[in-house]
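# Commentary on secondary and tertiary structure
Here is how the chains run, residue by residue.
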Amino acid sequence: DIMEKVKFDTVNTAAYSPRPNTPAADWDNQLSEEVKQDRLHRINELVLQHATERRARMMDRVVEVLVEERNVKKPTQVMGRTTHG
């Protein structure tokens, strides 16, 4: 499973919805909203699990970080990158 191999920190997800004037919009075998929401929930839960595991590995470590962004609502909070994934 790709999700287990890659272990994404974040993903942009949405349940599928047919788009007008596309071949898939007219297919007879559309999934129910319940199935779509279940799949979306399972993906998001797995991503949360993987991100939590990655954060836990970084606890109590001191690493160099390239700060890329400051939270405008909370200036003491920054976002950045490290080579220590």
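These notes cover the structure that comes with them. Since this is a predicted model, take the numbers as computed values, not measurements.

Moving on to unusual backbone geometry. Backbone geometry places Lys-7, a non-glycine residue, at a positive phi of 55°. When you line up the elements, Lys-7 lands in the loop between α1 (2-6) and α2 (33-58). What makes Lys-7 partly exposed here is its relative accessible area of 31%. Although it is not a glycine, Asp-60 adopts a positive phi angle of roughly 65°. Its place among the elements puts Asp-60 in the loop between α2 and β1 (66-70). What makes Asp-60 exposed here is its relative accessible area of 79%.

Here we take up a nonpolar patch on the surface. Side chains of Ile-2, Val-6 and Phe-8 sit close together on the surface and give an oily, nonpolar patch of about 250 Å² of accessible area. The topology assignment puts Ile-2 in helix α1. Take Ile-2: its relative accessible area is 54%, and that puts it in the exposed class.

What counts as what
- Residues numbered from 1 in each chain as written.
- Predicted model: local features only at pLDDT ≥ 70, side-chain atom pairs only at ≥ 80, totals over all residues.
- Heavy atoms only, no water.
- Helix = DSSP H or I, 4+ residues; strand = E, 2+ residues; numbered from the N terminus.
- Buried < 20%, exposed > 50% of the residue type's maximum accessible area, 1.4 Å probe, protein only.
- Patch = residues over 30% accessible without salt bridge, like charges linked within 9 Å, V, L, I, M, F, W, Y side chains within 5 Å.
- Areas by Shrake-Rupley, 256 points an atom, 1.4 Å probe, with all protein chains shown as cover.
- Salt bridge = Lys/Arg side-chain N within 4 Å of Asp/Glu carboxyl O.

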